[in-house]
Amino acid sequence: MEFFERFAIPHPSPAIYASMVAIGLTVIAIIAGLTYFKKWGYIWREWLTTVDHKRIGIMYLISALLMLFRGGVDAIMMRSQLAVPGNTLLDAQHYNEIFTTHGIVMILFMAMPFIIALMNFVVPLQIGARDVAFPRLNALSFWLFFFAAMLFNISFVVGGSPDAGWTSYFPLAGNEHSPHVGTNYYMIAIQIAGLGTLMTGINFIVTILKMRAPGMTLMKMPMFTWSALITNVIIVFAFPVLTIALAMGTMDRLFGTHFFSIDNGGMDMLWANLFWVWGHPEVYILILPAFGIYSEVISTFARRNLYGYKSMVASMVIISLFSFLVWVHHFFTMGQGAFVNSIFSVTTMAIAVPTGIKIFNWLFTLWKGKIVMTTPMLYSMLFIPIFTIGGVTGVMLGMSAADYQYHNTMFLVAHFHLVIIPGVVFAMLAGLTYWWPKMFGFMLNERIGKWAAWLIAVGTCVAFFPMFISGLDGQARRMYTYSEATGFGFWNMLSFIGAGILAIGFVLIVYNIYYSTRYATRDIGADPWDARTLEWATHSPVPEYNFAITPEVNSSEALWDEKKKGHKLFKGSYQEIHMPSKSGVPFIMSAIFFVFGFAMIFSLWILAIVSLLGIFACLIHRSFEQDHGYHISVKEIEETEAKMGGAKG
Amino acid sequence: MKELFPRKQVMGFIFSLVLTVAALLVYFLDLSFALGMTVLLVTAFLQAGLQLVVFMHAGESEDKATIYTNVYYGLIIALVTIFGTLLAMIWGMV
Ligand code: HEM
Ligand SMILES: [Cu+2]
């Protein structure tokens, strides 16, 4: 019995026991359902072993949406707790665990997979490629992320969740102040997901640099592909820092080293430093693909080419460099002197300039456009003003002297939600709606979509604007309650109402998916939005080889050229196509990683060693495996193309 | 025969062994901290460059420009991170 005690929740409550039951029932339901409908073979063949970038993209998407709801439930619980002064819905410990997991789930397990989902689905199509450069590695990236997310999510029913904030600052995150296993979950689950992300970074850089269609020079890439390239460059240079920081943190917690302790020559502040060396570039990893999506959506629905292509590219390149020069603005108050703070204040202000350039370029694109207000366009239009407010308050926070007032108050919380929600969430929903027909062959209902967009925008404003005021009044972040005398009650009640409106918006999106799946027409053709870039030159649904004939391109809007300027995209005749074969190893290896992570978290050394050997066995298998892929014959291509309504071009 | 002998690689290998010995000497000789660190840093950078150019063939394919751009970019980021950290954590602390 003693052995099992370590898995107990240190601080249980009826809600947690209820979740345990719910999780158990869901797992049983899934297993029973798959068995009853005899779907195990299908799941394994078509999804678990796939290396197709489109399917991997869709799996990322589903996981991201699931995590959005997990994080959303956390958010609603926090806002409910704070809605009235002196509330006792949650106690301090639960509140700590909830804001910690909310932050990690939303950033690492919702926003990251969401952008990677869209990159996976769209980038190869946009550059005219048949898949990513390393399809098997891509599958490994996904499964590592997926199992890491699962590992992280079981923390609240097995052993207890991390509770030291998503930033997990030492010494609070050290063994002395966080003795239970929660922070081990943090260190190890994020490490595993991070490995997957790093591989994605390398994979997409190579894909974009090496696999573009003939004629597509770098300066003729669609803007979303450009943003994906820059994002992945930042990933490759930023994530190793997190990897190292987490490894050091893990050693401190599991093996008694003293990297981040206060005694024995350790330096607790070094954790905060390393965390933000990764953390600030990370916020640009999130925002740049969103900028790419807005660029595509705005130029499609303003019915004209993007204004200032070159300055768009230049500003992203500059952002990629500058994003590594500002991290100290996250801890202006830690004790470094005015000189250091001034340096980082200036770099912080400087980065707002290229961001501003992009905003103006969008406005100029709209200026003489013939605007069609579709749902993705509506998200883009709502994004511009709300994001600008978030950005401007960022510049306020960037003034180090003033930051002594704002730091760690609700003002900061308002800032980053007002950049991340319009910046990332709106963009992902815009991209989802925009590319949905390419993914699933029908469109999402526009009327419900617009209702959801408005509700989410209004909800965001109502939920987060009050925090500017209560923050300036002195309400600290991460406090589980406050007294009536503070006067924060009114503002927090407003925030709670806003959170409710947001929740309704998200429920409406789910309803829209259900509604459109049932009622939407399937007869929409390959290019329902009258778009401009290559991904819309494929059939819907996209055949596994994407393009029967490799397209030839002479501008960043190749499809538009074909439609309006008589450019011929597809020249020549069908050739045999070489495709990568499926593999179950990425799935199996990541499942072993899950076991390894679990063993490390609970210091089960024998299991850890055994599973580590399993991981190496998978690596060795891969090294000696003979895999030449397979070929699709010309005859098969002809059949598929005929079924899809004739060859294009 | 002359064409077959991988002269560059063998020279590179010997040089990399020399660098390793030089770095190892810091442990055995009684050098001052500053001198020891200097030796370590210089040998480390030389060693890394050697590996990239001689053994990983950085400059030998058509992707030469991309590869070097990447390396320089990485170098800049690494230096900024290290000196920025020193600045914020040690030199700038009051
Ligand atoms: C216009 C450019 C921006 C500026 C000048 C800026 C500035 C700042 C500053 C100075 C802080 C630290 C404040 C403090 O802790 O007292 C901060 C926090 C934060 N910012 Fe921004 N920011 C900008 C854009 C963004 C964007 C685009 C994102 C995300 C997509 C973002 C996400 C965050 C997050 C997540 C935090 C808080 C992290 C935490 O402490 O938990 N910011 N920002
Ligand atoms: Cu920052």
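Residues numbered from 1 in each chain as written. Chains lettered and ligands numbered in written order. Predicted model: local features only at pLDDT ≥ 70, side-chain atom pairs only at ≥ 80, totals over all residues. Heavy atoms only, no water.

Caption draft 1: Quick look at the coordination of the copper ion (ligand 2). Residue and element names in this part refer to chain A. Those protein atoms acting as donors to the copper ion (ligand 2) are His280 (ND1), His329 (NE2) and His330 (NE2), and they sit at 1.8 to 2.1 Å. One chain supplies every donor for the copper ion (ligand 2), spaced along it as H-x48-H-H. In this structure, the copper ion (ligand 2) lies 4.6 Å away from the iron atom of ligand 1. One end of the pair, histidine 280, is in helix α9 (residues 268–301); the other, histidine 330, is in the loop between α10 (309–322) and α11 (338–367), with 50 residues separating them in the sequence. (Donors = N, O, S within 2.8 Å, 3.2 Å for Na, K, Ca; no water. Helix = DSSP H or I, 4+ residues; strand = E, 2+ residues; numbered from the N terminus.)

Caption draft 2: Local environment of the pattern of salt bridges. Evaluated as defined, the whole model comprises 14 salt bridges over all chains. With its nearest N and O atoms 3.0 Å apart, the salt bridge here joins lysine 210 of chain A to aspartate 63 of chain B. Placement of the pair is lysine 210 of chain A in helix α7 (residues 182–210) and aspartate 63 of chain B in the loop between α2 (33–55) and α3 (64–91), with the two residues belonging to separate chains. With a relative accessible area of 45%, lysine 210 of chain A lands in the partly exposed category. Here aspartate 527 of chain A ties to lysine 563 of chain A by a salt bridge, and the two come within 2.5 Å at their closest N and O atoms. Placement of aspartate 527 of chain A in the loop between α16 (489–519) and α17 (558–565) and of lysine 563 of chain A in helix α17 is noted, with a sequence separation of 36 residues between them. With relative accessibility at 21%, the residue aspartate 527 of chain A sits in the partly exposed group. Judged by its relative accessible area of 32%, lysine 563 of chain A falls in the partly exposed class. Among the charged side chains, a salt-bridge network with shared partners connects Arg136, Arg622, Glu625 and Asp627 of chain A. (Salt bridge = Lys/Arg side-chain N within 4 Å of Asp/Glu carboxyl O. Buried < 20%, exposed > 50% of the residue type's maximum accessible area, 1.4 Å probe, protein only.)

Caption draft 3: Structural detail: the coordination of the iron atom of ligand 1. Protein coordination of the iron atom of ligand 1 rests on one atom only, His415 of chain A (NE2), at 2.2 Å. With respect to the secondary-structure elements, histidine 415 of chain A resides in helix α14 (residues 410–440).

Caption draft 4: Expanded view of the site of ligand 1. Residues and elements named next belong to chain A. Neighbouring residues of ligand 1: 20 residues in total, closest Trp166, Asp403, His407, His415 and Arg477. In this structure, histidine 407 approaches ligand 1 through a side-chain N or O atom, which is 2.7 Å from an oxygen atom. Here an oxygen atom of ligand 1 sits 2.8 Å away from a polar atom, N or O, in the side chain of arginine 477. Where the shell around ligand 1 is concerned, the elements lending two or more residues are α9, α12 (375–398) and α14. Residues belonging to the shell around ligand 1 are distributed by class as follows: 10 nonpolar, eight polar and two charged. (Near = heavy atom within 4 Å. Polar contact = N/O pair within 3.5 Å; in protein donor to acceptor, adjacent residues only side chain to side chain. Nonpolar A, V, L, I, M, F, W, Y, C, P; charged D, E, K, R; others polar.)

Caption draft 5: Highlighting the interface of chain A and chain B. Residue-level contacts link 23 residues of chain A with 17 residues of chain B. When chain A packs against chain B, the two sides together hide about 1700 Å² of surface, and 78% of this comes from carbon and sulfur. The tally of links between chain A and chain B comes to four residue pairs in polar contact (both at pLDDT 80 or more). Of all elements in the fold, only α7, α8 (223–255), α9, α10 and α11 of chain A reach the threshold of two or more residues within the side of chain A that touches chain B. No other element matches α9 of chain A, which puts four residues into the side of chain A that touches chain B. For the side of chain A that touches chain B, the per-class residue count stands at 17 nonpolar, five polar and one charged. (Contact = heavy atoms within 4.5 Å. Buried area = accessible area lost by both parts, 1.4 Å probe.)

Caption draft 6: Inspection of the environment of glutamate 535 of chain A at higher detail. Residue and element names in this part refer to chain A. Of note, glutamate 535 is situated in the loop between α16 and α17. Put simply, glutamate 535 and isoleucine 127 are 408 residues apart on the chain and 7.9 Å apart in space, counted from C-alpha to C-alpha. A distance of 2.9 Å separates a polar atom in the side chain of glutamate 535 from a polar atom in the side chain of tryptophan 435. Polar contacts involving the side chain of glutamate 535 include one to the side chain of tryptophan 536, which spans 3.2 Å.

Caption draft 7: Inspection of the domain arrangement of chain B at higher detail. You can read the domains of chain B as domain 1 (1–56) and domain 2 (62–94). A separation of 22 Å is found between the C-alpha centroids of domain 1 of chain B and domain 2 of chain B. (Domains from an automatic or database assignment.)

Caption draft 8: Expanded view of the packing of aromatic side chains. All names here are of chain A. A complete count under the given rule lists 68 aromatic pairs over all chains for this structure. Geometrically, the ring pair formed by tyrosine 60 and phenylalanine 145 is stacked, given 5.5 Å between the ring centres and 25° between the ring planes. Residue tyrosine 60 is found in helix α4 (residues 53–82), and its partner phenylalanine 145 is found in helix α6 (residues 135–153); the two are separated by 85 residues along the sequence. Classification of tyrosine 60 by relative accessible area gives buried; the value is 1%. For the ring pair tyrosine 95 and phenylalanine 99, a centre distance of 5.8 Å and an interplane angle of 70° mean the geometry is edge-to-face. (Phe/Tyr/Trp six-rings, centres within 6.5 Å; stacked < 30°, edge-to-face > 60°.)

Caption draft 9: Local environment of the UniProt feature "transmembrane region" (unreviewed entry) in chain B. Residues and elements named next belong to chain B. Within this structure's numbering, the places UniProt gives as "transmembrane region" (unreviewed entry) are residues 12–29, 35–59 and 71–93. Taken end to end, residues 12–29 is 94% helix and 0% strand, and its first and last C-alpha atoms sit 25 Å apart. For residues 35–59, helix accounts for 84% and strand for 0%, while the C-alpha atoms at its two ends are 32 Å apart. (UniProt positions renumbered as here; feature names shortened; annotations may be inferred.)

Caption draft 10: Structural view of the environment of threonine 200 of chain A. All names here are of chain A. With respect to the helices and strands, the residue threonine 200 is situated in helix α7. In this structure the C-alpha to C-alpha distance between threonine 200 and isoleucine 262, which are 62 residues apart in sequence, comes to 36 Å. When near neighbours in sequence (up to four residues on either side) are disregarded, threonine 200 contacts Tyr60, Ile116, Ser141 and Asn232.

Caption draft 11: Seen up close, the nonpolar core. Residue and element names in this part refer to chain A. Counting residues in each nonpolar core, the largest one holds 206 residues, and the members touching the most others are Phe109, Trp362 and Phe426. The dominant element in this core, judged by the number of residues it contributes, is α14, at 20 residues. Once residues within four sequence positions are removed from consideration, tryptophan 362 is found in contact with Phe291, Tyr294, Ser295, Ile298, Leu306, Met312, Phe383 and Ile384. (Core = buried A, V, L, I, M, F, W, Y, C linked by side-chain atoms within 4.5 Å.)

Caption draft 12: Highlighting the domain arrangement of chain A. Residues and elements named next belong to chain A. By domain assignment, chain A separates into domain 1 (10–48) and domain 2 (49–583 + 627–643). Between the C-alpha centres of domain 1 and domain 2 the distance comes to 27 Å. Contacts between the two partners involve 13 residues from domain 1 and, on the opposite side, 16 residues from domain 2. Both faces combined, the contact of domain 1 with domain 2 buries some 1300 Å², and carbon together with sulfur accounts for 63% of it. Taking the shortest distance from any N to any O, the salt bridge between glutamate 46 and arginine 55 comes out at 3.0 Å. Taken together, the links from domain 1 to domain 2 amount to nine residue pairs in polar contact (both at pLDDT 80 or more). Looking at the side of domain 1 that touches domain 2, the element that brings in the most residues is helix α3 (residues 40–48), giving five residues. The class makeup of the residues in the side of domain 1 that touches domain 2 is eight nonpolar, three polar and two charged.

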